[in-house]
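Listed here are the chains, written in short residue letters.
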Amino acid sequence: QVQLVESGGGLVQPGGSLRLSCAASGSIFRINDMGWYRQAPGKERELVARITSAGSTNYADSVKGRFSISRDNTKNTLLLQMNRLKPEDTAVYYCNADIISGDLYRYGRDYGRDYWGKGTLVTVSS
């Protein structure tokens, strides 16, 4: 019953900021890589930012210098600080994580699988 739940989306004016949160819960043995993806109307889902368990980060060119991804391993949470937002940032933002569940580990497997949240809508508009 591993779940990812996003929060923090909403309406913001261009140039404003939002912070998205993703809380992982359930039977979790370990969380490996995590990331934020987004999908705008009429477009494919795209990677926004990723972060490894060691803290290494990777960003889409379109958000470099404006967004910052971080994680709190003790709380099983993922954050995305979004600054200087633009109308083109408008999208549903999804949390993604590669997680080794307690069930998988108990069956002797040391690899995880992808989990997705249901998304949170970010609208950047005047």
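Cut-offs used in this document
Residues numbered from 1 in each chain as written. Predicted model: local features only at pLDDT ≥ 70, side-chain atom pairs only at ≥ 80, totals over all residues. Heavy atoms only, no water. Disulfide = S-S within 2.5 Å. Helix = DSSP H or I, 4+ residues; strand = E, 2+ residues; numbered from the N terminus. Buried < 20%, exposed > 50% of the residue type's maximum accessible area, 1.4 Å probe, protein only. Pairing = 2+ DSSP bridges. Axes fitted to C-alpha atoms, helices over the stretch in contact; angles between N-to-C directions. Phe/Tyr/Trp six-rings, centres within 6.5 Å; stacked < 30°, edge-to-face > 60°. Lys NZ or Arg CZ within 6 Å of the ring centre and 35° of its normal.

Engineer: Describe the state of the cysteines, and please don't skip the residues or the numbers.
Structural biologist: Throughout the structure, instances matching the rule amount to one disulfide. Across the disulfide from Cys-22 sits Cys-95; the S-S distance is 2.0 Å. On the sign convention where negative means left-handed, the S-S torsion of about -80 degrees between Cys-22 and Cys-95 marks this disulfide as left-handed. With Cys-22 in strand S3 (residues 18-25) and Cys-95 in strand S9 (residues 91-101), this pair connects stretches of sequence that are 73 residues apart. The exposure classification of Cys-22 matches that of Cys-95, with both residues buried.

Engineer: Got a sec to walk through the pairing of strand S8 (residues 77-82)? Specific residues and values, please.
Structural biologist: Relative to S8, S3 runs antiparallel, the two being bridged by six bridges. Residue pairing in the sheet places Cys-22 in a bridge with Leu-78 of S8. In the sheet, strand S7 (residues 67-72) pairs with S8 via six bridges, with the strands oriented antiparallel. In the sheet register, Arg-71 faces S8, and the bridge partner there is Leu-78.

Engineer: I'd love a proper account of the sheet that holds S8, names of residues and values included.
Structural biologist: Strand pairing in a sheet relies on backbone hydrogen bonds, with the paired strands running either antiparallel or parallel. Judged by pairing direction, the sheet is antiparallel, and its four strands sit side by side in the order S1-S3-S8-S7 without closing on themselves. Only two strands of the sheet have a single neighbouring strand rather than two, namely strand S1 (3-7) and S7. Taken over all neighbouring pairs, the strand axes of this sheet differ in orientation by 15 degrees on average, direction set aside.

Engineer: Any chance you could break down the packing of aromatic side chains for me, citing the residues and the numbers?
Structural biologist: For the structure shown, the criterion picks out two aromatic pairs. Their ring planes at 10 degrees and their centres at 3.7 Å tell us that Phe-29 and Tyr-105 sit as a pair that is stacked. With Phe-29 in strand S4 (residues 28-39) and Tyr-105 in helix H1 (residues 102-106), this pair connects stretches of sequence that are 76 residues apart. The side chain of Arg-45 reaches across the aromatic face of Trp-116, ending 4.7 Å from its centre. The residue whose ring lies beneath Arg-113 is Tyr-115, and the NZ or CZ to ring-centre distance is 4.0 Å.

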